[in-house]
Amino acid sequence: MRAIISDIHGNLEALEAVLADIREQGIDVVFCLGDIIGYGPNPRECIDAVMKACQVTILGNHDQAALFDPEGFNAGAERAIFWTRHMLETGDPDGNERRWEFLGELPRMRREPKLLFVHGSARNPLSEYVFPEDVYNQRKMERIFSLVDRYCFQGHTHIPGVFTENLNFHSPDEIDYKYELGDEKVLVNVGSVGQPRDGDNRAAYVVIDEGDSGNGTPDAGSGPVTVQFRRVAYDFEKTISKIYDIAELDNFLGDRLRDGR
């Protein structure tokens, strides 16, 4: 089994709750699909926790924005990135040097047999959104699926669920929070740890319960490979209070945590 997390966005309370849930299940392999930082009040601590807990981390668009410059960000997201950058440039020289090095070395994707891990999409790993309503955009989805060998795990939209090659989208509650992988190509959005946007304010992530082909890779022929969608409650009021106390972070970034929007 391995856990896939994404879109932490500087929310330490959510990240700690998710990592505790992962440990309680005896899972010690964790992948992160990016956006460790941005929006939230604890960028340093979240980077440190990901560096410690995750065997693989993918670059997200907010991570890149902190490294370089935000492009296409709204005013609130841009201010949050500039504040985040300031936090990573001041106050902890040795720690921040390690954090910058870590962010600067993150890959844009990871490929394994039958598996692709990205932040955005197979077509644009860093910044393409794939929303549930895109199942009605046949050209876009066919192009993305053409770049996927079998299963692609992604984040970025903060909306968990499964896209099938025959252009259906299954939200976790529609499938009892579990999806069995087979021969059909699928895109799995793992949701957001730190800023859910599907109307559920609990932190989201997925667990892959893998059939073992003998070499440690998923193999649909050796037994069912299932994706379990997990939700974890956390103290979002504590995170909101931190955001309110930081002038550079819009209060809206805290308020939305209550509604999961």
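Look up a bit, the structure's there.
As the structure is a computational prediction, the values presented were derived from the model and not from experiment. (Residues numbered from 1 in each chain as written. Predicted model: local features only at pLDDT ≥ 70, side-chain atom pairs only at ≥ 80, totals over all residues. Heavy atoms only, no water.)

> Tell me what's going on with the sheet that holds strand β11 (residues 203–209), and back it up with residues and numbers.
The 6 strands lie next to each other as β3-β2-β1-β11-β12-β9, forming an open sheet whose pairing is mixed. Of all strands in the sheet, those with a lone pairing partner are β3 (56–57) and β9 (178–181), marking the two edges. Here strand β1 (residues 2–5) runs beside β11; their pairing, made up of 3 bridges, is antiparallel. Of the residues in β11, the one forming a bridge with A3 is V207. Those strands touched by helix α1 (residues 12–24) are β1, β2 (30–32), β11 and β12 (225–232), and its axis lies near 25 degrees from that of β11. (Pairing = 2+ DSSP bridges. Helix = DSSP H or I, 4+ residues; strand = E, 2+ residues; numbered from the N terminus. Contact = heavy atoms within 4.5 Å. Axes fitted to C-alpha atoms, helices over the stretch in contact; angles between N-to-C directions.)

> An account of unusual backbone geometry is needed here, citing residue identities and associated values.
For D35, which is not glycine, the phi torsion reads 55 degrees and is therefore positive. Exposure remark for D35: the relative accessible area of 1% places this residue in the buried category. Positive phi outside glycine occurs at D176, with the angle close to 60 degrees. Considering the arrangement of structural elements, one finds D176 in the loop between β8 (169–170) and β9. (Buried < 20%, exposed > 50% of the residue type's maximum accessible area, 1.4 Å probe, protein only.)

> How would you summarise the side chain of R99 if you had to cite specific residues and measurements?
One can find R99 in helix α5 (residues 93–104). When near neighbours in sequence (up to four residues on either side) are disregarded, R99 contacts R44, I47, D48, L88 and D92.

> Account for the sheet that holds strand β4 (residues 109–112), with residues named and values stated.
Reading across the sheet, the 6 strands line up as β4-β5-β6-β10-β7-β8 and stay open at both edges, with mixed pairing between neighbours. Pairing within the sheet leaves two strands with one partner each, and these edge strands are β4 and β8. Here strand β7 (residues 161–164) pairs with strand β10 (residues 186–189) via 4 bridges, running antiparallel. Along β10, the bridge assignment pairs F163 with L187. Along the sheet face, helix α6 (residues 138–146) touches β7 and β10 and points at about 95 degrees away from the line of β10.

> Give a description of the packing of helix α7 (residues 236–244) against helix α8 (residues 252–259) that names residues and reports values.
At their nearest, the axes of α7 and α8 sit 8 Å apart, and the two run at 165 degrees to each other. Regarding the angle of α7 to α8, the classification is roughly antiparallel. Handedness of the α7/α8 crossing: left-handed. Contacts between α7 and α8 involve F236, E237, T239, I240, I243 and Y244 on the former and, on the latter, L253, G254, D255, L257 and R258. Each residue belonging to the contact of α7 with α8 can be placed in one class, and the counts come to 6 nonpolar, 2 polar and 3 charged. (Parallel < 35°, antiparallel > 145°, perpendicular 65-115°, else oblique. Left-handed = near helix turned anticlockwise from the far one by under 90°. Nonpolar A, V, L, I, M, F, W, Y, C, P; charged D, E, K, R; others polar.)

> Could you give me a rundown of α5, with the residues and numbers involved?
Its 12 residues place the ends of α5 16 Å apart at the C-alpha level, agreeing with the 16 Å of an ideal helix rising 1.5 Å per residue. All buried positions along α5 are accounted for by G95, N96, R99, F102 and L103. Considered in projection along α5, the buried side chains sweep an arc of 120 degrees and stay on one side of the axis. Those residues of α5 that are exposed and aimed more than 90 degrees away from the buried face are P93, D94 and G104. Those residues of α5 hidden inside the fold are in contact with α2 (43–53), β3, α3 (61–67) and α4 (75–87). (Expected span 1.5 Å × (residues − 1). Arc of directions from axis to C-beta.)

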